[in-house]
Number of protein chains: 2
Amino acid sequence: MSNAIEILVIDDEPQIRKLLNITLQSNDYKVKEALNAREGLSIAANHPPDLILLDLGLPDESGHVVLEKLREWYTKPIIILSVQSNEEDIVKALDSGANDYLVKPFRTGELLARIRSLLRSSSSESENPILTSNDIQVDLAMRVVKKNNVTVKLTVTEYNLLALLVKNEGKVLTHQYLLRSIWGPSYINQSQYLRVYIAQLRKKIEDNINNPLHIITESGIGYRFV
Amino acid sequence: MSNAIEILVIDDEPQIRKLLNITLQSNDYKVKEALNAREGLSIAANHPPDLILLDLGLPDESGHVVLEKLREWYTKPIIILSVQSNEEDIVKALDSGANDYLVKPFRTGELLARIRSLLRSSSSESENPILTSNDIQVDLAMRVVKKNNVTVKLTVTEYNLLALLVKNEGKVLTHQYLLRSIWGPSYINQSQYLRVYIAQLRKKIEDNINNPLHIITESGIGYRFV
DNA sequence: CCATTTTTATAAAATCTTTATACATTTTGT
DNA sequence: ACAAAATGTATAAAGATTTTATAAAAATGG
């Protein structure tokens, strides 16, 4: 199944990874594993999962640092798994953006219930299949874009960019954010990519390219869909 | 304060209520108390709070039942507080719609952190802070400024300056402070920059440039937004 | 081979910095 | 008290710099 829920496990202990792997997979989650902070951040960035299980005691970097780096852009649930049960660590993690904190050893049934709880509240928010804005219709479920009821043919990248802009209608999305979301975090300096694709999108959906009414340039910052 | 965050405590133990009352109020939450299930459901329905702390061991009805009845309509966070630490109760509560489950006795710092975490994820998406001052609206999340509901096009520097002034409405911000905040510490002598940009902002948001009503000059000191 | 993505090049547009000038207010010297 | 000087402010406009739009060539991957 391609639309299975993906969970990224960042933990250096093989036993824990094995336990989580078996537990999660037998509950129909697709599991990805990272053995350290570097690998975790890389996998999360290149193919963002639906939820992250993060160990605080990683070999190469503090889990607190990983959490903060993730939260610079990652908005879905993060659950901390840690042997540390002192209040200070728990409060720090929760205030850094963790959604939950379980002390090892944890009970797998409780972990699964907490995962279900977080997935429930994070998924229910983004279910607007068809977004309409004047003459433009974007059907996120079908991945189809129409202009005046005529289907517009977009490439994958063009569609991803337009969908992201439409999902955040009215909001200014920075170059950094757009590049990281579409191409990945290592592309945040390639503003040229954006310009090329914005131009291509405008050619396809704007009536008058010299006076774009949908994709607005915010010079020095980014772009905005209205 | 009328826009304080309201938390409803449903618990029959007086000591717990007293502890929660003191802890929550000293963290600027407004607290309402219910001593049993019937009262809890009634208060929640008549004046829905922003978050509910629910004890599972209530005298008149099982907390699990209260939770299910609340979740028929109540969508904001519910945290369970219970002496029961067995997995069965925890899983049942979380699957019935609880957002978190703390075993009594709990640590107040951790409880507060978990409350902050839940309030963060439930409120940040629904409402973004729009600062309104008469005919001027500044939407910090969207990075959009409107005058009489018409979007005003501002450059990066203009926006940064206006946002800083608006965030400190009524307060006088010194030249030094403004220059350091917008241009950096090495520019604190470039008062001319400020004058140029204040003039440009006034041209865009004031009705009458010769009688500015929003951006006020404090001669020899700085500027002020009203 | 073809559709798409990435790279390159260049003109145009937008923005920032600097300079110049005018005006208003306060301070200084007599 | 008065004029001159000094200080602080407002604004326009020139120039320098940064950012953006666009076409088109080269590279990539099925």
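Everything in this summary refers to the structure shown in the same document.

Analysis parameters
- Per-chain numbering applies: the sequence of each chain, read as written, is numbered from 1 onward.
- Chain letters start at A and ligand numbers start at 1, both assigned in the order the entries are written.
- Per-residue local features are limited, in this predicted model, to residues with pLDDT of at least 70; the limit for side-chain atom pairs, both in listing and counting, is 80 or more; totals at the level of whole chains, interfaces and linings are taken over all residues.
- To obtain the side-chain values, all non-hydrogen atoms of the structure were used and water was disregarded.
- Consider each residue's heavy atoms; a residue with any of them within 4 Å of a molecule or strand counts as near.
- Any N or O atom pair separated by 3.5 Å or less is treated as a polar contact, with the protein-specific requirement of one donor-capable and one acceptor-capable atom, and with residues adjacent in sequence counted only for side-chain atom pairs.
- Secondary structure is summarised from DSSP: a helix means a run of H or I of at least four residues, a strand means a run of E of at least two, and numbering begins at the N terminus for each.
- Residues were grouped as follows: Ala, Val, Leu, Ile, Met, Phe, Trp, Tyr, Cys and Pro as nonpolar; Asp, Glu, Lys and Arg as charged; and all remaining residues, including Gly, as polar.
- Aromatic pairs are defined between Phe, Tyr and Trp rings, using the six-membered ring for Trp, whenever the two ring centres lie within 6.5 Å; interplanar angles under 30 degrees are classed as stacked, those over 60 as edge-to-face, and all others as tilted.
- Type-normalised accessible area, obtained with a 1.4 Å probe on protein chains alone, sets the label of each residue: buried when under 20%, exposed when over 50%, and partly exposed for intermediate values.

1. What about the protein's contact with DNA strand C?
Part 1 of the argument: Taken together, the neighbourhood of DNA strand C is formed by 18 residues, with A:T155, A:T157, A:Y193, B:T157 and B:Y193 sitting nearest.
Part 2 of the argument: Note that a sugar or linking oxygen of DNA strand C is positioned 3.2 Å from one of the side-chain N or O atoms of B:Y197.
Part 3 of the argument: Among the secondary structure elements, those contributing two or more residues to the surface near DNA strand C are α6 (156-167) and α8 (191-205) of chain A together with α6 (156-167) and α8 (191-205) of chain B.
Part 4 of the argument: Partitioned by chemical class, the residues of the surface near DNA strand C number 10 nonpolar, 7 polar and 1 charged.

2. What about the packing of aromatic side chains?
Part 1 of the argument: Under the definition given, this model contains 7 aromatic pairs over all chains.
Part 2 of the argument: Taken together, a centroid distance of 5.7 Å and an interplanar angle of 65 degrees make the contact between A:W183 and A:Y197 edge-to-face. With a gap of 14 residues between them, A:W183 in the loop between α7 (175-182) and α8 and A:Y197 in helix α8 connect regions that are remote in the sequence.
Part 3 of the argument: Overall, A:Y197 belongs to the partly exposed group, its relative accessible area being 23%.
Part 4 of the argument: Between B:W183 and B:Y193 the ring centres are 5.6 Å apart and the planes differ by 65 degrees, which places this aromatic pair in the edge-to-face class. Residue B:W183 is found in the loop between α7 (175-182) and α8, and its partner B:Y193 is found in helix α8; the two are separated by 10 residues along the sequence.
Part 5 of the argument: In this structure B:W183 comes out as buried when scored by relative accessible area, which is 18%.
Part 6 of the argument: By relative accessible area, which is 32% here, B:Y193 ends up partly exposed.
Part 7 of the argument: Ring-pair connections join several aromatic residues into one group, and the members of that group are A:W183, A:Y187, A:Y193 and A:Y197.

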